[in-house]
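# Secondary and tertiary structure notes
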Amino acid sequence: MAKLWTTYKAKIAPNAKLYLFDLAGYGNTPVSTHENGVYLIAGWSDKVFDMLDAYEKGSSAIEVINSINLTSMDEEKDKEVEESEEEKEETSTEEGEEKETA
């Protein structure tokens, strides 16, 4: 595959980029990621599209990672936990009321 990529890039699309996704986490790649225009992305999440966009705009993965607002992520998680606890309390209260009426 490495030879095909080199030929494709040299003869057809010199500005082409190749994105490799390592979903298993073994680090095996069919093409050297040290070559120009080859990017290895390990894992998968909705943030992978932010990474692709950054690469297309010439940014690095480190720049994208550093731009993530962890405070807002923590606030979202806290809100989810609070909502979950409220739902549990409501369910518990409803079950208690059902037992009292029975």
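Residues numbered from 1 in each chain as written. Predicted model: local features only at pLDDT ≥ 70, side-chain atom pairs only at ≥ 80, totals over all residues. Heavy atoms only, no water.

## Notes on the pattern of salt bridges
- Counting across every chain of the model gives three salt bridges.
- Of the charged contacts in the structure, one is a salt bridge between Lys-47 and Asp-50, with a shortest N-O distance of 4.0 Å.
- Look at Lys-47 and you get partly exposed, because its relative accessible area is 38%.
- On the accessibility criterion, Asp-50 (39% relative accessible area) is partly exposed.
- The partner of Asp-53 in a salt bridge is Lys-57, with the nearest N and O atoms 3.1 Å apart. (Salt bridge = Lys/Arg side-chain N within 4 Å of Asp/Glu carboxyl O. Buried < 20%, exposed > 50% of the residue type's maximum accessible area, 1.4 Å probe, protein only.)

## Here's the deal with the environment of Lys-17
- Along the polypeptide, Lys-17 turns up in the loop between α1 (2–11) and β1 (18–22).
- Along the sequence, Lys-17 and Asn-36 sit 19 residues apart, while their C-alpha atoms lie 8.1 Å from each other.
- Apart from the residues lying within four places of it in its own chain, the contact partners of Lys-17 are Trp-5, Gly-37, Tyr-39, Tyr-55 and Glu-56.
- Among the polar contacts made by the side chain of Lys-17, one reaches the main-chain carbonyl oxygen of Tyr-55 at a distance of 3.4 Å. (Helix = DSSP H or I, 4+ residues; strand = E, 2+ residues; numbered from the N terminus. Contact = heavy atoms within 4.5 Å. Polar contact = N/O pair within 3.5 Å; in protein donor to acceptor, adjacent residues only side chain to side chain.)

## Side note on the packing of aromatic side chains
- Summed over all chains, the structure comprises six aromatic pairs.
- Ring centres 5.3 Å apart and planes at 20 degrees place the aromatic pair Tyr-19 and Tyr-39 in the stacked group. Linking Tyr-19 in strand β1 with Tyr-39 in strand β2 (residues 38–42), this pair joins segments that are 20 residues apart in sequence.
- The partly exposed category is assigned to Tyr-39, whose relative accessible area is 22%.
- Between Tyr-39 and Tyr-55, the ring centres sit 4.5 Å apart and the planes meet at 25 degrees, which makes this aromatic pair stacked. One end of the pair, Tyr-39, is in strand β2; the other, Tyr-55, is in helix α2 (residues 48–56), and 16 residues separate them in sequence.
- You can call Tyr-55 buried: its relative accessible area is 12%.
- Joined through ring pairs, the aromatic side chains of Tyr-19, Tyr-39 and Tyr-55 make up one cluster. (Phe/Tyr/Trp six-rings, centres within 6.5 Å; stacked < 30°, edge-to-face > 60°.)

Distances and angles like these do not, on their own, reveal function.
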